[in-house]
Each structure stands twice: as structure tokens, then as C-alpha cells.
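The residues making up each chain are set out below.
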Amino acid sequence: MRQQSSPGTAHEPLTAGVTPPSVLDLDAYLMYATGKAARRRLTDALTAHGLRLWHLTIMAMLDDAGRLSKGELASRLDMNQSDLTRTVTDLDAAGYVDCARDPSDRRRIEVALTPAGRRALARLNTDVSATEADLLAPLTHEERDRFSSLLRRVHTHLERERSGNGLAATAAEPG
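Residues numbered from 1 in each chain as written. Predicted model: local features only at pLDDT ≥ 70, side-chain atom pairs only at ≥ 80, totals over all residues. Heavy atoms only, no water.

Trainee: Would you explain a nonpolar patch on the surface in this entry?
Mentor: A cluster of nonpolar side chains, namely L24, L26, Y29, L30 and Y32, defines an oily patch on the protein surface of about 450 Å² accessible area. If you tally residues by element for the nonpolar patch, the top one is helix α2 (residues 27–47), at three residues. By relative accessible area, Y29 is classed as partly exposed at 31%. (Patch = residues over 30% accessible without salt bridge, like charges linked within 9 Å, V, L, I, M, F, W, Y side chains within 5 Å. Areas by Shrake-Rupley, 256 points an atom, 1.4 Å probe, with all protein chains shown as cover. Salt bridge = Lys/Arg side-chain N within 4 Å of Asp/Glu carboxyl O. Helix = DSSP H or I, 4+ residues; strand = E, 2+ residues; numbered from the N terminus. Buried < 20%, exposed > 50% of the residue type's maximum accessible area, 1.4 Å probe, protein only.)

Written out as C-alpha cells, the structure reads:
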């Protein structure tokens, strides 16, 4: 494959595995490629524990928010209800969450993190931190903090857009 060139100029064939400058100028590509590499490494770390990213995400949400209904979890995580149910079933079978009917509305199933789930989450967080450190190794500590801040800002913007109102997570966005 040859790099596209301006009229009147010639370029050498691209070396395999080298991303051309024109592609590196596409932020969308960089987000995709970096996200794909990050997800692959995170998947490897979680698979060693028999878990996937959604397992970790649900456990972290329950650790932060406490007991939630399956519907609330699916909504907060923008997750398909049937995918959430399967993932919660996995976590329940592993002893990481407890599922119980809401006494005031027997149709609702509430999910809570168990003590074993909290211990597993602490172990997972250690592995995730090591994976993130490896991914972000080219950045200084200050650059990592700034990068995280910028990612949270973009995420907050997208979350507001998804929710249809401009009020979601206003306090979480830095000025």
C-alpha cells in the first residue's frame, strides 16, 4: 500500500506497522486505536480473574452507589437490560453480589456488592491500576492527571448528551 501523495510528489511505500501521518492527524482514529489497545490489555487482566469489563464496571458502580435495582444499574451504565442481567447473574454465582427482591415492590430485583465482592474489587483495582500505568507509561504524572481530567470532561459531555439534559454531572466537570 502506498501513502497518498500530493500531485507531483512521490512517497516510498509505507513500512508495515507504521501509521501514516495523515491517519495520526485523525483524533477519532487515535481514540479508537488507543481504546482498542487499552481494552485488549484490560480484558487480559480481567480474564485472569474470570471476569470482563462489565463485571468490573457493575462492581465499581455498586461500591460507589450501594444497593441498586437492576433497572437503575442498566440505566446508569447505559447497558442493555438482558446484558446486565447476564452479568449480574455471573457476579451472583461468584458470590460478588447479592440479589434480593425489593420488599416494597416484589417486581424489582435489588443488587448489592458482598464483602467478597469488595475484596475482589480491591484486587481488580490493583491489576487495573498496573495495566493503566503500563498504557500511560509515556506520560509524566502531571500529563496522566491532565489526560484523566480531559477524558472525564469528554465523558461528562457525552453523558449529558445521552441524558438529554444539560444538568447531568455538572459538579463533576472541572472549570
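More follows now that the structure is in view.
Trainee: Please clarify how the layout of surface pockets should be interpreted in this entry.
Mentor: Unoccupied space between atoms shows up once a probe the size of one water molecule is rolled over them. Size it by volume and the largest pocket reaches roughly 2000 Å³. Along its surface, the largest pocket is lined by 37 residues, and L53, E132, L151, R152 and H155 are the ones closest to its centre. Per element, the largest residue contribution to the lining of the largest pocket is eleven residues, and it comes from helix α7 (residues 141–163). Partitioned by chemical class, the residues of the lining of the largest pocket number 19 nonpolar, nine polar and nine charged. (1 Å grid on protein atoms, 1.4 Å probe; cavity = no way out; pocket = protein on both sides within 12 Å on 5 of 7 lines; lining within 4 Å. Points joined across faces, edges and corners; volume = space filled by probe spheres on them. Nonpolar A, V, L, I, M, F, W, Y, C, P; charged D, E, K, R; others polar.)

Trainee: Looking at this model, I keep getting lost on the packing of helix α3 (residues 53–65) against helix α5 (residues 81–93). Mind explaining?
Mentor: In a pair of packed helices, the angle between the axes and the distance between the axes together describe the arrangement. The interhelical angle for the contact between α3 and α5, taken along N-to-C directions, is 80°, at an axis separation of 10 Å. What the angle tells us is that α3 and α5 run roughly perpendicular. Packed against α3, whose contacting residues are W54, H55, I58 and M59, the element α5 presents L84, T87, V88, D90 and L91 at the interface. Within the contact of α3 with α5, the residues separate by chemical class into six nonpolar, two polar and one charged. (Axes fitted to C-alpha atoms, helices over the stretch in contact; angles between N-to-C directions. Parallel < 35°, antiparallel > 145°, perpendicular 65-115°, else oblique. Contact = heavy atoms within 4.5 Å.)

Trainee: What am I meant to see in the sheet that holds strand β3 (residues 105–113) here?
Mentor: Within a sheet, each strand pairs with its neighbour through backbone hydrogen bonds, oriented either parallel or antiparallel. The sheet built from three strands is open, its strands ordered β1-β3-β2 with antiparallel pairing. Every other strand in the sheet has two partners, leaving β1 (68–69) and β2 (97–102) as the edge strands with one partner each. The pairing of β1 with β3 spans two bridges and is antiparallel. Across the sheet, the residue bridging to S69 is E110, located in β3. (Pairing = 2+ DSSP bridges.)

Trainee: Is there a simple way to explain the pairing of β2 in this structure?
Mentor: Two faces make up the sheet, and in a regular strand the side chains alternate between them. Judged from the six bridges that link them, β2 and β3 form a sheet pairing that is antiparallel. Residue pairing in the sheet places V97 in a bridge with L113 of β3.

Trainee: Is there a simple way to think about the side chain of T131 in this case?
Mentor: Looking at where T131 falls in the secondary structure, it is placed in helix α6 (residues 115–135). Of the residues examined, T131 reaches a relative accessible area of 14% and is grouped as buried. Those residues in contact with T131 that sit more than four places away from it in its chain are R41, L42 and A45.

Trainee: Is there a simple way to explain α7 in this structure?
Mentor: Helical geometry note: an α-helix holds 3.6 residues per turn, so side chains three or four residues apart project in the same direction. Between its terminal C-alpha atoms α7 stretches 33 Å, which fits the 33 Å expected from 23 residues at 1.5 Å a residue. Phi turns positive one or two residues past the end of α7, at G164, with a value near 80°. (Expected span 1.5 Å × (residues − 1).)

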